[in-house]
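What the coordinates show
Here is how the chains run, residue by residue.
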Amino acid sequence: MDAMMDVDLRSTMDIQITALEWMPYENGYLKYYPDEDRDVYLEQCPDGTLMVSPERFRARVMSEFDYPLDQVYCGDNPVLLKLKEFYRHCWVLKLHDPYISLIITILTQNKTADSARRTFYRLQHRYKGIDVHKMAAADKGELEELIRTSGPYKADFIIRCSQEIIDRYGGSIEWMRDAPTREAREALLGLYGVGPKTADCVLLFSLGHSVVPVDTHICRVSERTGLSMATGDSEAAKRKVKEDLEKRRRIPGMAHLLIINLGRDFCKAVAPLHSICPVGDICPKRDERKEKKLT
Ligand code: SF4
């Protein structure tokens, strides 16, 4: 656990669905643990150590840190090799319950991560821990109010997809863990309110399938860095980016977190920070910038 001194908590909490169980609070993050009916607080101290309160939850919280991002990629793409070194203090977090992952991802659809994590925290407290049976039986009006800031229309998604999981799969989607990826993906896409990115997030973060969830940011950064030749972020472009990353470059699903980090910190949609970018010296956009006399 000494390696935990090297965690970059902000980066870890910013880039993955699994981190959305933690809600920003004061200088750290708060998570509700339903089995003990209590909140646990996590904060990074100035010396880099992680403070957990109450302390008796330390081992449990630390066990949720799975592995650092320098372990997610073993290929030879120079951009990804540089990024995995640069983001080696960012960790992959565990979230084993695919149903929780599904609900969190639905809450993020068209909304910010911060909005989704506040809504999820509210749901967890109201229902003393959500599960498929509680959500299938939830009062729609109350649920709409509880999730208002993340889109009240999603109450329908949550209730109906929970009912479908009970009716079709006996209340659990755990079977998808051992199913072929294509079959699991199609089953998820068949649930009400579940689109391609939501399905891929659940497959990747909680079911152990190596797929790349593609959104606007992944499209933009993949195009600029030459990881994909697709342009724009239409549905067709997203499919092409996914194919390029998964099949042509054989990038493991979790390695997409490196691309998300790059997009968030440097390769922003507006005013990208070329001059301080960690892959600025090898990015194909470099020559284009020189031609335009940009820094
Ligand atoms: S050099 Fe510029 S375009 Fe290339 S990845 Fe960095 S920020 Fe993006």
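This is a predicted model, so every value here is computed, not measured.

With that settled, consider the overall build of the protein chain. In terms of regular secondary structure, the protein chain is built from 14 helices and six strands. Taking 19 Å as the expected radius of gyration for a compact globule of 295 residues, we find that the protein chain reaches 20 Å, a close match to that expectation. When the backbone C-alpha atoms are referred to their principal axes, the protein chain occupies close to 60 × 45 × 35 Å. For the protein chain, buried positions account for 39% of its 295 residues. Restricting the contact set of the protein chain to residue pairs at least 6 apart, pairs at least 24 apart contribute 60%.

We now examine the site of the ligand. Taken together, 13 residues sit near the ligand, with C267, H274, C277, C283 and K285 positioned nearest. By residue class, the composition of the shell around the ligand is eight nonpolar, three polar and two charged.

Right, let's talk about unusual backbone geometry for a bit. Cis geometry is adopted by the peptide bond preceding P54, which originates at S53 and carries an omega value of 0 degrees. Here P54 is to be found in the loop between β4 (50–53) and α2 (58–62). Of note in this structure, E26 is not a glycine but carries a positive phi near 50 degrees. With respect to the helices and strands, the residue E26 is situated in the loop between β1 (23–25) and β2 (28–33). Notably, N110 is not glycine yet its phi reads approximately 60 degrees, a positive angle. Positionally, N110 belongs in the loop between α4 (98–108) and α5 (113–126).

Turning our attention to the packing of α4 against helix α10 (residues 196–207). Relative to each other, α4 and α10 sit at 145 degrees, their axes nearing to 9 Å. Regarding α4 and α10, the two cross each other, and that crossing is right-handed. On α10, the residues touching P98, S101, L102, T105 and I106 of α4 are T198, C201, V202, F205, S206 and L207. Among the residues making up the contact of α4 with α10, the classes are represented as seven nonpolar, four polar and no charged.

What follows deals with the pairing of β2. Pairing of β1 with β2, which is carried by three bridges, proceeds in the antiparallel orientation. Note on β2: the bridge partner recorded for P24 is Y29. Hairpin geometry of β1 and β2 is characterised by an intervening segment of two residues between the two adjacent antiparallel strands and by a positive phi of about 50 degrees at E26. Here five bridges tie β2 to strand β3 (residues 38–44), and the two strands are oriented antiparallel to one another. Along β3, the bridge assignment pairs Y33 with R38. Counted between consecutive antiparallel strands, the loop separating β2 from β3 contains four residues, among which D37 sits at a positive phi close to 50 degrees.

Next up on the list: the packing of α4 against α5. Axis separation between α4 and α5 bottoms out at 8 Å; the angle between their running directions is 130 degrees. Classified by the angle between their axes, α4 and α5 sit oblique to one another. In this structure, the crossing between α4 and α5 has a hand that is right-handed. Where α4 approaches α5, its residues I104, L107 and T108 are matched on the opposing element by A113, A116, T119 and F120. When the residues that make up the contact of α4 with α5 are grouped by side-chain class, the tally is five nonpolar, two polar and no charged.

The biggest cluster of nonpolar side chains holds 78 residues, and the ones touching the most others in it are I103, I104, I158, V202, L203 and L258. With residues near it in sequence (within four places) discarded, I103 still touches I130 and I158.

Attention now moves to the domain arrangement of the protein chain. Once the domains are mapped, the protein chain shows domain 1 (2–68), domain 2 (98–207) and domain 3 (216–291). Here domain 2 and domain 3 have C-alpha centroids that lie 29 Å from each other.

What counts, and at which threshold
- Residues numbered from 1 in each chain as written.
- Predicted model: local features only at pLDDT ≥ 70, side-chain atom pairs only at ≥ 80, totals over all residues.
- Helix = DSSP H or I, 4+ residues; strand = E, 2+ residues; numbered from the N terminus.
- Rg over C-alpha atoms; globule rule 2.2 N^0.38 Å.
- Buried ≥ 20, exposed ≤ 12 C-beta atoms within 10 Å, placed from the backbone.
- Contact = placed C-beta atoms within 7 Å.
- Near = placed C-beta within 6 Å.
- Nonpolar A, V, L, I, M, F, W, Y, C, P; charged D, E, K, R; others polar.
- Axes fitted to C-alpha atoms, helices over the stretch in contact; angles between N-to-C directions.
- Left-handed = near helix turned anticlockwise from the far one by under 90°.
- Pairing = 2+ DSSP bridges.
- Parallel < 35°, antiparallel > 145°, perpendicular 65-115°, else oblique.
- Core = buried A, V, L, I, M, F, W, Y, C linked by C-beta atoms within 7 Å.
- Domains from an automatic or database assignment.

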